[in-house]
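# Notes for the structure review
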Amino acid sequence: STRFDLLPCMLCSHLHAVQELQRDMTVLLLQHLQAKAASPSTHLRILDALSGCGIRAIRFVIITCVALRAARTTKFDVIDLDPFGACASLLASAIATVSSGGLICATDTDMHTLLGKTSHAHATCHAQYGAVPVTAAYGKELAIRIILGAAASLAAAHHRVIEPVLCTAVEFYVRLHFRVHNVPPNAPEPASLAIVHQCIRCAYFRLRPLGHTNSNDGSCDNDNGDSVACPVCGSSLQLSHRLRQGDDRSLHMDVTDVD
């Protein structure tokens, strides 16, 4: 019985260590960005939106030497979102509130939903982020891109764009750091969203940017892959949509991995 009594303590210790890692990453990133800033001595306005005991805010003050202001302000330089579960409901207000060029740090601990382990997880992910995950070896990277895709869509509604800075998937959570920039109202929106077609049997997948122009007639080629078979094994292709694609042009190409 003693062994089982120790399990909750061991689990709490493990979770604490994992969460400490993501706090370390954020502090190091803030130190790096502040050192590169035009005026490193300028105080950052940081909003620790879901502060529990306040340990994260204390670390911000001690280690990064920033100023935490209790006064009301319309914009913050850094907004940290670390809920228990999904961060979907918090992204819109954070994106609207952060200053132009400011940083949003967001955590989502519902990896089960982001990986789409069940049909209920598929429905939940679609309701929260407007995307459906697929079962693939790159599932955790896809989880990151799904949240970034939702953030990009929310930013577009405010004439803003996002710039991913540091994004990680560790065990049961995803931690995202991205900047938010203002763009002129009439400026064309960058084509940063895509859909992915993943074979249900083999490792073949391909990315299709949303709004991809058909070279034949100039129309937008946003086929959903329902009638398209895998070119490797002939099986059906599963669809995941509205995810953030990378800036690397190689990510826009069809990729085949049959190992």
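Up top you'll find the structure we're talking about.
Figured I'd write up the structure that's included with this text. (Residues numbered from 1 in each chain as written. Predicted model: local features only at pLDDT ≥ 70, side-chain atom pairs only at ≥ 80, totals over all residues. Heavy atoms only, no water.)

Under the definition given, this model contains two salt bridges. A salt bridge links D80 to R175; its shortest N-O distance comes to 2.7 Å. Of the two residues, D80 is situated in strand β2 (residues 76–81) and R175 in strand β5 (residues 173–182); the sequence distance between them amounts to 95 residues. When sorted by exposure, D80 lands in the same class as R175, which is buried. Across the pair R145 and E141 runs a salt bridge, and its minimum N-O distance is 2.9 Å. On the criterion of helical spacing, the pair formed by R145 and E141 is a turn pair, its members being four residues apart in helix α6 (residues 139–157). (Salt bridge = Lys/Arg side-chain N within 4 Å of Asp/Glu carboxyl O. Helix = DSSP H or I, 4+ residues; strand = E, 2+ residues; numbered from the N terminus. Buried < 20%, exposed > 50% of the residue type's maximum accessible area, 1.4 Å probe, protein only.)

Right, let's talk about the pairing of β2 for a bit. Of all six residues in β2, six are buried, a share of seventy percent or more. Relative to strand β3 (residues 98–108), β2 runs parallel, the two sharing five bridges. Looking at β3, one finds that V78 is bridged to L103. Taken together, β2, helix α3 (residues 88–97) and β3 constitute a β-α-β crossover, and its handedness is right-handed. (Pairing = 2+ DSSP bridges. Right-handed = clockwise from strand over helix to strand, strands pointing away.)

What follows concerns the nonpolar core. In this structure, L91, I104, Y129, I147, I162, V174 and F178 are the most contacted members of the largest nonpolar core, which totals 40 residues. Counting residues per element, this core draws most heavily on α6, at 10 residues. With residues near it in sequence (within four places) discarded, Y129 still touches A86, C87, A88, L91, D108, L114, I146, I147, A150 and R242. Of all hydrophobic cores here, the second largest spans eight residues; its members include L29, L44, I46 and L103. (Core = buried A, V, L, I, M, F, W, Y, C linked by side-chain atoms within 4.5 Å. Contact = heavy atoms within 4.5 Å.)

The next thing to look at is the environment of A127. Here A127 is to be found in helix α5 (residues 119–129). You can call A127 exposed: its relative accessible area is 65%. Each C-alpha atom of the pair A127 and A88 lies 9.4 Å from the other, and the pair is 39 residues apart in sequence.

So, on to the sheet that holds strand β4 (residues 160–170). Here we have five strands laid out as an open sheet, ordered β1-β2-β3-β5-β4, and mixed in their pairing. Both edges of this open sheet fall to β1 (46–48) and β4, since each of them pairs with a single strand only. Between one strand axis and the next, the sheet turns through 15° on average, direction left out of account. With 10 bridges connecting them, β4 and β5 associate as antiparallel partners. Each bridged residue has a counterpart across the sheet, and for I162 the counterpart in β5 is V180. Sitting on the sheet, α3 touches β2, β3, β4 and β5, and the angle it makes with β3 is about 160°. Lying on the sheet, α6 is in contact with β3, β4 and β5; it crosses β4 at an angle near 160°. (Axes fitted to C-alpha atoms, helices over the stretch in contact; angles between N-to-C directions.)

So, to be careful, I would describe these as geometric facts and stop short of saying anything about function.
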